[in-house]
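One-letter residues, chain by chain:
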Amino acid sequence: MIETILQLAANGIMSGAVLAVAAIGFTMMFAVLRFPNFSLAGHMAGGAYAGWIANTMFGLPLPLALLCGFLVAGGIGVASDFIVLRPLRRAAPITLAIASVAISLFIENALRFGFGNDLRSFDLPLARDWVIGWLRLGPQQVQNAGLAIVAMLILFVIFTFTQTGRAMRATADNAGLAAVKGIDTEKITRLVSFLGMGLAGAAGVLLGADTSIEPLLGLKVILSVFAAAVLGGLGSIPGAVLGAFAIGIVEEASQIVVPATYKGAVGFVAILLVLSFRPSGFLGRRQT
Amino acid sequence: MDSYLIAMVTLAAIYAMMAISLNLSWGLAGMVNLGLAGFISIGAYASGLLTTVLGWPVPLAILAAMIIGLVSGVALTYVTLRLRDDYLAIVTLGFAEVIRLAIVNELWLTHGSDGISGIPGIVAREYGYGFELGTLALALAAVALCYWLADRVRTSPYGRNLRAIRDDPEGTAVAGKNVTLIKVKTFGLSTAIAALAGAFYAHYTSFISPEIFQPLLTMYVFLALTMGGTGNNRGAMLGAFLLIFVLEASRFIAPSLPQFSAVQHAAIREMLVAVLFILTLLYRPQGISPETRHR
Amino acid sequence: MSLLEIKDLTKSFFGAHALRGASFNAEQGCITGLIGPNGAGKTTLFNVVSGVMRADGGTVLFDGRNITNLRPDEITRAGLMRTFQIARGFPRLTVLENLMLYAPGNPGETLVGAIWRGSDARASEAAIREEALRVAKRLDLTRVIDNYASDLSGGQKKLLEIGRAIMAKPKMILLDEPAAGVNPSLTRIIAGHIRELAQEGTSFLIIEHDMMLVRELCDPVIVMAEGRDFVAGSFAEVTADARVQEAYLGKRRWS
Ligand SMILES: Nc1ncnc2c1ncn2[C@@H]1O[C@H](COP(=O)(O)OP(=O)(O)O)[C@@H](O)[C@H]1O
Ligand SMILES: [Mg+2]
């Protein structure tokens, strides 16, 4: 029993690390743009396909494929923000959220048009599982979790030590005040869309490397990503990371009590519980 | 009347019920429901199962489906009452996904992705043309009833409260209205109508499966309402007919682009839906038949 | 017994204390003034008293009844109405609808009443419409009666804010800066309306910047600073009080 639990916890931490990358993207965009951007799902898939092309057609190793996924999804993010969301900036947040659903629908079907509905896999060396005591770890998952953590560290450095990172945080705290202080909020918005959707794309690549990719790859995990962000408090980056690990572990652990096919429901239940008992999340600040 | 036309109008009538349902919660009260497909599927499965498994008469099953839709809507709003709009969007989206998961996984009840077939018609299917015309007449009658109800609501003091909540829930509470209660009641009425639409769909097509109730369906209804005119029940109906027209017109994509596969045709069609939705939001957010000023 | 009794009210926002035990009464038939420097906690006090925010501690009695932490609609129905500092109105409701919305006890307001529309529902809606038209006329809003609230001028929004409060027929109205951002001639008009309503029997508790207006209308005047009241009396008494002058001296802005 204890072995099972430890094994599930280890799996949960590894999947949580990947979720965290997407959840950071979601929550940082929420902090600055103030609406839940549902097109994260489409951007995850877009990034995954970009990484897959880089890997299978150009033979790039996973870290470089990851970078490709990041850049392409970030680029799509900036484009979709510029074309669709920017003209709607003054509309109600929910209108933007609904528009973002349409963006996702568009991206997913563009991928479907180009690649079909078939599952595709990355071209990665097969390796035997590592066995440490009674813990069994897939080298690929460990590598994915490692890459996810490296991505988060890079982000941390950007946010903490660069001028731009500080400007982004200032805008997230109070957009009006940031504008008064001479920060170009429109530029920050573009940057945040790039970084946020880029992270979604990177997470898409990591998910794809773990199993396989398809146009609805993002949609299938989006609830877990939202749950991670809500759990940590919408808009809080450390909260999203914490929330993602919690969701990752709880999703794995849930398999002890419910069939694995209900894994997708765990996020929803977590959201309901958190919102009922602590609406601002673990690390959420204000609830206005 | 031509069978094709009858089928299209019947389908449009079913979408019109969905659009009226969405207009009640989202259009009038500003309560976003991204889980509409979930409530529609609840109605479809409830009525489908009650008639095929328990052999209930169709009208009774439809009534039960509406009650189940109402109860699930009330339960969900009750949990999400204190939530801000953006959270409500996430929670309703998640709700629909959980319903879909349950339908896919509870094989003993729903036959999973195989779906349920052989659902009896509201009018006996043996009547052929009579079934088609009869169902059409009943669907139109149901839309008329939904429209009448929803417009009674809209033009009443209750509807004024709804529109006040849409603008400013806190201010409405200060005006002396029990905002919570109003929201719960309205959402329940709206999900009951969504379930009615689902039940109608099940009895009309005789076959339902989780494939049919994807998030895309919710998107279709949002598109219909936005094109027609959010906040306006007539706009909701107009939008539903427009939606069917757009979806049917997009069938001509396939023959005109024979170099692409069936999957690609479907993808083009959904991209068109997405683009149409975005264009509507950008250039005509008030819809073709905008909400009118109340005098 | 006073109409409104506030005892030891406390409220903090993430550790910052906005109210630290405010305690005072407002009497039936009076126009009580509430003044104090910016950030003194006056608006927060209104928010807590009207149920828009929860109190951390303390009690509010209205008309002898404990209304602490009731819902805003329950407090409004108990006869205590508040207005907002920034007149918000319902932008997509017309002026007439804004007024009619505030009428209490409308049988057409229930879902069943809305659909059934019995004769009582229709009669009361008609009566409410008449009443709203009367209130609009009184406040000189008749010309804009069918305009959306969002299309009104700043001054008209302030008048509408008062009009909506009257529609609820409350025993007491809490006015948050009714003359802020209003030109002098409209300030005179608003003052006139308040005095008239007071003569007709409505009690008031008024937060106001404009000291001329406070002197003219309010007796007694309560002074708040740093989350609690500390002086009460006539306008002349409180302005002569050394502690009040000290509280204001550091802050140039009076409110
Ligand atoms: N919603 C809120 N969240 C956080 N702080 C608040 C909030 N409302 C008021 N405050 C703080 O409470 C204090 C009192 O504010 P307020 O009641 O508006 O003062 P006044 O109306 O007397 O000018 C101020 O320091 C203000 O910043
Ligand atoms: Mg104030």
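Since the structure is predicted, the reported quantities are computational estimates derived from the model, not experimental observations. (Residues numbered from 1 in each chain as written. Chains lettered and ligands numbered in written order. Predicted model: local features only at pLDDT ≥ 70, side-chain atom pairs only at ≥ 80, totals over all residues. Heavy atoms only, no water.)

S.K.: Explanation requested: the overall build of chain C in the structure shown.
M.R.: A count of helical and extended segments in chain C gives ten helices and ten strands. Among the 255 residues that make up chain C, the fraction classed as buried is 56%. Taking all contacts inside chain C whose residues are at least 6 apart in sequence as the whole, residues at least 24 apart take part in 66%. Looking at chain C as shown, the accessible area adds up to about 11100 Å², and 53% of this sits on carbon and sulfur atoms. Mean positive and mean negative side-chain charge positions of chain C (31 and 30 charges, respectively) differ by 4 Å. (Helix = DSSP H or I, 4+ residues; strand = E, 2+ residues; numbered from the N terminus. Buried < 20%, exposed > 50% of the residue type's maximum accessible area, 1.4 Å probe, protein only. Contact = heavy atoms within 4.5 Å. Areas by Shrake-Rupley, 256 points an atom, 1.4 Å probe, with all protein chains shown as cover. Lys, Arg positive; Asp, Glu negative; His and termini not counted. Charge placed at Lys NZ, Arg CZ, Asp CG, Glu CD.)

S.K.: Looking at this model, I keep getting lost on the pattern of salt bridges. Mind explaining?
M.R.: If the charged atoms of two oppositely charged side chains come close together, the side chains can form a pair. All names here are of chain C. One pass over the structure, following the stated rule, counts 26 salt bridges over all chains. In this structure, Glu 196 engages Arg 138 in a salt bridge whose closest nitrogen and oxygen atoms are separated by 3.3 Å. Placement of Glu 196 in helix 7 (residues 184–199) and of Arg 138 in helix 5 (residues 119–138) is noted, with a sequence separation of 58 residues between them. Since its relative accessible area comes to 37%, Glu 196 is described here as partly exposed. Via salt bridges that share partners, Arg 71, Asp 73, Glu 74 and Arg 77 belong to a single interconnected network. (Salt bridge = Lys/Arg side-chain N within 4 Å of Asp/Glu carboxyl O.)

S.K.: Is there a simple way to think about the interface of chain C and chain B in this case?
M.R.: Bring the parts together and some accessible area is lost; that lost area is often taken as the interface size. Residue-level contacts link 34 residues of chain C with 31 residues of chain B. When chain C packs against chain B, close to 3100 Å² is buried across both sides, 53% of that on carbon and sulfur atoms. Linking chain C with chain B are four salt bridges, by the criterion used here. A salt bridge links Asp 167 of chain B to Arg 92 of chain C; its shortest N-O distance comes to 3.1 Å. Put simply, the parts of the chain that give the side of chain C that touches chain B at least two residues each are helix 2 (72–77), strand 6 (80–82), helix 3 (95–101), helix 4 (111–116) and helix 5 of chain C. Residue composition of the side of chain C that touches chain B, grouped by class: 16 nonpolar, six polar and twelve charged. (Buried area = accessible area lost by both parts, 1.4 Å probe. Nonpolar A, V, L, I, M, F, W, Y, C, P; charged D, E, K, R; others polar.)

S.K.: In this structure, what is going on with the coordination of the magnesium ion (ligand 2)? I would like to understand it.
M.R.: For a metal bound by four donors in a tetrahedral arrangement, the ideal donor-metal-donor angle is 109.5 degrees, while six donors in an octahedral arrangement ideally sit at 90 or 180 degrees. Residues and elements named next belong to chain C. In the first shell of the magnesium ion (ligand 2), the protein supplies Thr 43 (OG1) and Gln 85 (OE1), at 2.0 to 2.4 Å from the metal. Here Thr 43, found in helix 1 (residues 42–49), pairs with Gln 85, found in the loop between strand 6 and helix 3; they are 42 residues apart in sequence, far enough to count as distant. By relative accessible area, which is 27% here, Thr 43 ends up partly exposed. (Donors = N, O, S within 2.8 Å, 3.2 Å for Na, K, Ca; no water.)

S.K.: Explain the packing of aromatic side chains here, please?
M.R.: We describe a pair of aromatic rings using the distance from one ring centre to the other and the angle between the two ring planes. Residues and elements named next belong to chain B. The full count for this structure, using the stated rule, is 13 aromatic pairs over all chains. Summarising the aromatic geometry, the rings of Phe 39 and Phe 187 are spaced 6.0 Å apart at their centres and angled 80° between planes, so their arrangement reads as edge-to-face. Taken together, the residues Phe 39 in helix 2 (residues 36–52) and Phe 187 in helix 9 (residues 179–205) connect sequence positions 148 residues apart. Of the two residues examined, Phe 39 and Phe 187, each falls in the buried class. (Phe/Tyr/Trp six-rings, centres within 6.5 Å; stacked < 30°, edge-to-face > 60°.)

S.K.: I'm lost on the sheet that holds strand 2 (residues 16–26) of chain C in this one. Help?
M.R.: Hydrogen bonding along the main chain pairs the strands of a sheet, whether they run parallel or antiparallel. Residues and elements named next belong to chain C. Here we have four strands laid out as an open sheet, ordered 2-1-4-5, and antiparallel in their pairing. The sheet is open, and its two edges are formed by strand 2 and strand 5 (65–66), each paired on a single side. The pairing of strand 1 (residues 4–13) with strand 4 (residues 57–62) spans five bridges and is classified as antiparallel. Within strand 4, the residue paired with Ile 6 across the bridge is Val 60. Helix 1 rests against strand 1, strand 2 and strand 4 of the sheet, and its axis sits at about 110° to strand 1. (Pairing = 2+ DSSP bridges. Axes fitted to C-alpha atoms, helices over the stretch in contact; angles between N-to-C directions.)

S.K.: Where do I start with the sheet that holds strand 3 (residues 31–35) of chain C in this structure?
M.R.: Residue and element names in this part refer to chain C. Taken in spatial order, the six strands of this open sheet run 6-7-8-3-9-10, and their pairing is mixed. Where the open sheet ends on each side, the last strands, each with one partner, are strand 6 and strand 10 (228–233). Neighbour-to-neighbour, the strand axes of the sheet open up by a mean angle of 20°, direction not taken into account. Summarising the sheet, strand 9 (residues 221–225) and strand 10 pair through five bridges and their orientation is antiparallel. Following the sheet pairing, Val 221 is matched in strand 10 by Gly 233. Lying over the sheet, helix 1 contacts strand 3, strand 6, strand 7 (172–176), strand 8 (203–207) and strand 9, oriented at roughly 145° with respect to strand 7. Against the sheet, helix 7 engages strand 3, strand 7 and strand 8, with an angle of about 150° to strand 8.

S.K.: Sorry, what's going on with the interface of chain A and chain B here?
M.R.: In this complex, chain A contributes 40 residues to the contact, which on the side of chain B involves 42 residues. Viewed at the interface, chain B and chain A are joined by one salt bridge. For Glu 270 of chain B, the salt bridge identified is with Arg 112 of chain A, shortest N-O distance 3.3 Å. For the interface between chain A and chain B, the tally reads five residue pairs in polar contact (both at pLDDT 80 or more). Sorting the residues of the side of chain A that touches chain B by element identifies helix 1 (2–33), helix 3 (62–85), helix 4 (93–115), helix 9 (217–232) and helix 11 (263–277) of chain A as the ones contributing at least two each. The element best represented in the side of chain A that touches chain B is helix 4 of chain A, accounting for 13 residues. Residue classes in the side of chain A that touches chain B are distributed as 30 nonpolar, nine polar and one charged. (Polar contact = N/O pair within 3.5 Å; in protein donor to acceptor, adjacent residues only side chain to side chain.)

S.K.: Help me understand helix 6 (residues 163–173) of chain A, please; the structure alone is not making it clear to me.
M.R.: What sets the pattern is the α-helix's 3.6 residues per turn: residues three or four places apart point alike. Residues and elements named next belong to chain A. Restricting attention to buried positions, one finds in helix 6 the residues Gly 165, Ala 167, Met 168, Thr 171 and Ala 172. Angular distribution of buried residues about the axis of helix 6 spans 160°; they occupy a single face of the element. Summarising the contacts, the buried residues of helix 6 are in contact with helix 1, helix 5 (139–161), helix 7 (175–180) and helix 8 (185–210). (Arc of directions from axis to C-beta.)

S.K.: How do you make sense of the nonpolar core when you look at a structure like this?
M.R.: The nonpolar side chains of soluble globular proteins are, as a tendency, buried together. If you look at the biggest cluster of nonpolar residues, it comprises 182 residues, and the most contacted ones within it are Leu 40 of chain A together with Tyr 15, Met 17, Val 32 and Ile 208 of chain B. In terms of residues, this core owes the most to one element, helix 1 of chain A, which gives 17 residues. In terms of nonpolar packing, the next biggest core, distinct from the first, is built from 58 residues, Ile 35, Ala 136, Ala 165 and Ile 194 of chain C among them. (Core = buried A, V, L, I, M, F, W, Y, C linked by side-chain atoms within 4.5 Å.)

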